Amino acid sequence: MPTVAVSRDALFAHLGRTYTDEEFDELAFEFGVELDEVTSERIEATKSDTVRLSASELARLSDEVIYKIDVPANRYDLLCIEGISRSLKVFLGDMDAPTYDVVKASDEKASTMTVIKSNTDTIRPYVVCAILRDVTFDEARYQSFIELQDQLHRNLCRNRTLVAIGTHDLDAVKGPFSYDARSPADIKFVPLTHTDDGREFDGVSLMEHYETDAGCKHLKPYVPIIKDSPLYPVVLDGEETVLSLPPIINGSKSRITLDTKNVFIECTATDLTKANIVLDTVVAMFSEYAAVPFSVEPVTVNYVDENKNVVDSYVTPQMYARKETASVKFVNSLIGIDVDPESMATLCNKIQLGPARVLPAAGGDDDEGPLLEVTVPPTRSDILHAVDIAEDIGIAYGYNNIVKTVPKTCTVGREQPLNQLGDLLREEIGRAGYVEVLTHGLCSTNDNFTALKRSITAAVSLSNPANVEYEVVRTTLLPGLLKCLQHNKSMSFAGGFKLFEISDVVLPDDKHVMTETIVGARNSRRVCATYSGPTSGFEVVHGLVDRIMTLCEVAPRADYVASSGNAHVVVHCKEGWYYTIRELKTGTSDLSGTYFPGRAAEILLTSPKNSGGEMEVIGTFGILHPEVLGSFDILYPTTAVELNLDPLL
């Protein structure tokens, strides 16, 4: 959760009310945020274990009370004092939620941004802009303006990798503006960090300077974002003056000061949706200081090709107010209250989801009753589903006002049998000398099929995998263990290296429907173990198979005992449950290619669940084929077992 530090006195001045620390803590809880700490600049200085200040230095620090407020990670409108105070005033009924007005642009040149699409597509393809007119800054407002940008950069903007915000004094530059990507050597300007000495840099020297200069260490983390790119993104005005080199630094000429009246805001991005959210948030928070509060001038963004033809165009900021609906019955049920539709619509005004209205029931067999239609302002990008509406209505109603009730049903919770079996087996297999690992649920098609010498069959696949390592949901646990062996070559294999994992695989299945919707897949709980060492260790893994079946109270069949030289100790087993093994012959199964020919076996189970006493194959084990070991760069002979646990219950 982001933590926002605000001056207590400034916050109370915004609210027009005063509270004790305890009263404000209670108000914060009711609103859905948390007062994390009450501190001051001097108190914070005394907490440091690395920086020791003298008594005179401490005396110069401020005693002004600071509230550190934890806000939800998706509430970007609460990342500054303006947003917190405005939301609290609406919550307390001291003001109505503002309406944001996108007015007609007063200067056509300043309200145009031209994007050289072929260049910017290679590095940072999107830009959105807005203009705030006749803004009045003072020291506190200016600091809040900067701190909001820092908070957005750390959170939604993912340290400027997704979005970078640039703010400029519009009166110091001339439109129309352009957004381009150019060779680093061709970009020359005085950066904001060198306003005092007026030193000019080109793109190459600036990156080197920010990487090495201690005075600019706060910018060093952003340098790798563009440093190795052949083209650097750059925002320019009508006279080719550099306004900013996103996502690194703004130019000195367009810097914001306390005397700035007109603010040009540009957000360059790799994600257009997040760019619009960021721009709308900045505009919504600081348009209240404009001569016409909550008004903003739009900017038309035109994308042009090499021939200067416009290939795409849009107007920003969007500042859209959208409609969302939720069933009144659903909201009441989820929160545990009984509020009539009209009262629920009134509650929406407290949480800036008004005006709200009640829509009549749709009718039909699955009628959920009347619907609540709310108005979502541009600052509430976190409202995505009826659950989000219900959560905010719960806050408006007051969690402390929800009556505690005794559940109508009396149940005793317990562990799922399959999970309990897995936990018990983990302990026992660990006692046998195996080390448990937890591997990724996603893997590449090659690792899941080809590297195991198996044909590529149906599997749950990702439509947009992040990289080749995360293409499908695994259908076997074996690749994860083999990759673990691959990355642990430095371990000692002299006495054998044992690994195991108990986890789920996902198998395509359109028959066994576990929900109302056919999802086309099901989970299967597996146990997989490997032994790798100077010898294959086939007998070691064979012993593990027998141990697992004994722990599950499944008895070996008489013919299996006889073939083992009757080396069997009779223990308690479930009636009608038996197992045996048989050779896994080459070509009889798609799994056979994974193992060395003649050195693999199937595990067969007979249980009361199988009609007619038929035997069911529940797993395989054997010495892995040398080509499989080669695919995973494993140097020692390895034996593996993979067993399905579901049939053992």
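Residues numbered from 1 in each chain as written. Predicted model: local features only at pLDDT ≥ 70, side-chain atom pairs only at ≥ 80, totals over all residues. Heavy atoms only, no water.

**Student:** In this structure, what is going on with the pattern of salt bridges? I would like to understand it.
**Tutor:** Two side chains with opposite charge may pair up if their charged atoms get near one another. In the structure shown here, the tally under the stated rule is 33 salt bridges. For Arg17, the salt bridge identified is with Asp94, shortest N-O distance 2.8 Å. With Arg17 in the loop between α1 (8-15) and α2 (21-31) and Asp94 in the loop between α5 (81-92) and β4 (101-102), this residue pair connects regions lying 77 residues apart in the sequence. By relative accessible area, which is 36% here, Asp94 ends up partly exposed. Of the charged contacts, one joins Glu239 and Lys174 as a salt bridge, the two residues approaching to 3.4 Å between their closest N and O atoms. Separated by 65 residues along the polypeptide, Glu239 in the loop between β11 (232-236) and β12 (242-245) and Lys174 in the loop between β7 (163-169) and β8 (177-182) bring together distant segments of the chain. Sharing partners across several salt bridges, the network here consists of Glu427, Glu428, Arg431 and Arg547. (Salt bridge = Lys/Arg side-chain N within 4 Å of Asp/Glu carboxyl O. Helix = DSSP H or I, 4+ residues; strand = E, 2+ residues; numbered from the N terminus. Buried < 20%, exposed > 50% of the residue type's maximum accessible area, 1.4 Å probe, protein only.)

**Student:** Please explain the packing of α2 against α5 as it appears in this structure.
**Tutor:** Axis angle and axis distance: for two packed helices, these are the angle between their axes and the distance between the axes, and together they describe the pair. Interhelical geometry of α2 versus α5 gives an angle of 85° and a closest axis separation of 11 Å. Accordingly, the angle class assigned to the pair α2 and α5 is roughly perpendicular. For the pair α2 and α5, contact is made by Phe24, Leu27, Glu30 and Phe31 and by Ser87, Leu88, Phe91 and Leu92, respectively. When its residues are assigned to classes, the contact of α2 with α5 shows six nonpolar, one polar and one charged. (Axes fitted to C-alpha atoms, helices over the stretch in contact; angles between N-to-C directions. Parallel < 35°, antiparallel > 145°, perpendicular 65-115°, else oblique. Contact = heavy atoms within 4.5 Å. Nonpolar A, V, L, I, M, F, W, Y, C, P; charged D, E, K, R; others polar.)

**Student:** Explanation requested: the nonpolar core in the structure shown.
**Tutor:** The tendency in soluble globular proteins is for nonpolar side chains to be buried side by side. Among the nonpolar cores identified, the biggest contains 71 residues, and Leu11, Phe24, Ile69, Met113, Leu152, Phe264 and Ile265 are the most heavily contacted of them. With eight residues, helix α9 (residues 272-286) is the largest single contributor of residues to this core. When near neighbours in sequence (up to four residues on either side) are disregarded, Met113 contacts Val127, Cys129, Phe177, Ser178, Tyr179, Val235, Phe264, Val299, Thr300, Val301 and Asn302. Of all hydrophobic cores here, the second largest spans 29 residues; its members include Ile502, Ala529, Ile548 and Ala601. (Core = buried A, V, L, I, M, F, W, Y, C linked by side-chain atoms within 4.5 Å.)

**Student:** Explain a negative patch on the surface here, please?
**Tutor:** Side chains of Glu22, Glu23, Asp25, Glu26, Glu30, Glu34 and Asp36 sit close together on the surface and give a patch of like negative charge. In terms of residues, the negative patch owes the most to one element, α2, which gives five residues. Within the secondary structure layout, Glu30 lies in helix α2. (Patch = residues over 30% accessible without salt bridge, like charges linked within 9 Å, V, L, I, M, F, W, Y side chains within 5 Å. Areas by Shrake-Rupley, 256 points an atom, 1.4 Å probe, with all protein chains shown as cover. Lys, Arg positive; Asp, Glu negative; His and termini not counted. Charge placed at Lys NZ, Arg CZ, Asp CG, Glu CD.)

**Student:** Which parts of the structure should I look at to understand α5?
**Tutor:** For the α-helix, the turn length of 3.6 residues means that residues three or four positions removed from each other point alike. The first and last C-alpha atoms of α5 sit 16 Å apart over 12 residues, in line with the 16 Å expected at 1.5 Å per residue. Regarding α5, the residues found buried are Ile81, Glu82, Gly83, Ile84, Ser85, Arg86, Ser87, Leu88, Val90 and Phe91. Note on α5: the residue one or two positions beyond its end, Gly93, has a positive phi of about 80°. (Expected span 1.5 Å × (residues − 1).)

**Student:** Honestly, the packing of helix α13 (residues 417-431) against helix α16 (residues 538-551) in this entry has me stumped. Any pointers?
**Tutor:** Where α13 meets α16, the axes come as close as 11 Å, and the angle between the chain directions of the two elements is 140°. Handedness of the crossing formed by α13 with α16: right-handed. Packed against α13, whose contacting residues are Leu425, Glu428 and Ile429, the element α16 presents Leu544, Arg547, Ile548 and Leu551 at the interface. Classifying every residue of the contact of α13 with α16 by side-chain character gives five nonpolar, no polar and two charged. (Left-handed = near helix turned anticlockwise from the far one by under 90°.)

**Student:** Sorry, what's going on with the layout of surface pockets here?
**Tutor:** Gaps left between atoms are located by rolling a probe of water-molecule size over the structure's atoms. Space inside the largest pocket adds up to approximately 750 Å³. Every residue lining the largest pocket is counted, 26 residues in all, and those nearest its centre are Thr475, Leu507, Arg522, Arg526 and Asn644. Taken together, the elements giving at least two residues each to the lining of the largest pocket come down to β23 (497-508), β24 (521-532), β28 (616-624) and β29 (638-644). With four residues, β28 is the single largest residue contributor to the lining of the largest pocket. (1 Å grid on protein atoms, 1.4 Å probe; cavity = no way out; pocket = protein on both sides within 12 Å on 5 of 7 lines; lining within 4 Å. Points joined across faces, edges and corners; volume = space filled by probe spheres on them.)

**Student:** What am I meant to see in the sheet that holds strand β19 (residues 371-376) here?
**Tutor:** The strands making up a sheet associate through hydrogen bonds between their backbones, and the pairing can be parallel or antiparallel. Across the sheet, which stays open at both edges, the three strands sit in the order β17-β19-β18 with antiparallel pairing between neighbours. The outermost strands of the open sheet, each flanked by one partner alone, are β17 (322-327) and β18 (357-359). When the angles between neighbouring strand axes are averaged without regard to direction, this sheet yields 35°. Strands in contact with helix α12 (residues 386-397) are β17 and β19; relative to β17, the strand with the most contacts, it is inclined by about 80°. (Pairing = 2+ DSSP bridges.)

**Student:** What should I look at first to understand the pairing of strand β27 (residues 595-606) in this one?
**Tutor:** Each regular strand shows side chains that alternate between the opposite faces of the sheet. With six bridges joining them, strand β26 (residues 578-583) and β27 adopt antiparallel strand pairing. Across the sheet, the residue bridging to Tyr579 is Leu605, located in β27. Bridge count for β27 against β28 is seven bridges, and the pairing is antiparallel. Pairing of Leu604 across the sheet is with Val617, part of β28.

**Student:** Would you mind going over the pairing of β24 with me for this structure?
**Tutor:** The buried fraction of β24 is high, at nine of 12 residues. Here β23 pairs with β24 via 12 bridges, running antiparallel. Each bridged residue has a counterpart across the sheet, and for Ser503 the counterpart in β24 is Arg526. By the bridge criterion, seven bridges tie β24 to β29 in an arrangement that is antiparallel. Counted as the bridge partner of Cys528 is Glu642 from β29.

**Student:** Mind showing me how you'd approach the state of the cysteines here?
**Tutor:** Simply put, disulfide is the name for a covalent bond between the sulfur atoms of two cysteines. Taken as a whole and assessed by the stated rule, the structure comprises zero disulfides. As a non-bridged cysteine, Cys129 has Cys267 as the owner of its nearest cysteine sulfur, 7.8 Å distant. Overall, Cys129 belongs to the buried group, its relative accessible area being 0%. Take Cys484: it sits in no disulfide, and the sulfur closest to it among the cysteines is that of Cys528, at 11 Å. (Disulfide = S-S within 2.5 Å.)

**Student:** For this particular structure, what's the right way to read the environment of Thr120?
**Tutor:** Its location among the elements puts Thr120 in helix α6 (residues 117-120). The spacing of Thr120 and Ala555 is 435 residues in sequence and 68 Å in space, taken between C-alpha atoms. Among all residues touching Thr120, those that are not within four sequence positions of it are Val115, Pro125, Tyr179, Asp180 and Ala181.

**Student:** Where do I start with the side chain of Thr606 in this structure?
**Tutor:** Counting through the fold element by element, Thr606 comes out in strand β27. Taking relative accessible area as the criterion, Thr606 reaches 10% and is therefore assigned buried. When sequence neighbours within four positions are dropped, the list of residues in contact with Thr606 reads Arg557, Gly576, Trp577, Tyr578, Gly613, Glu614 and Met615.

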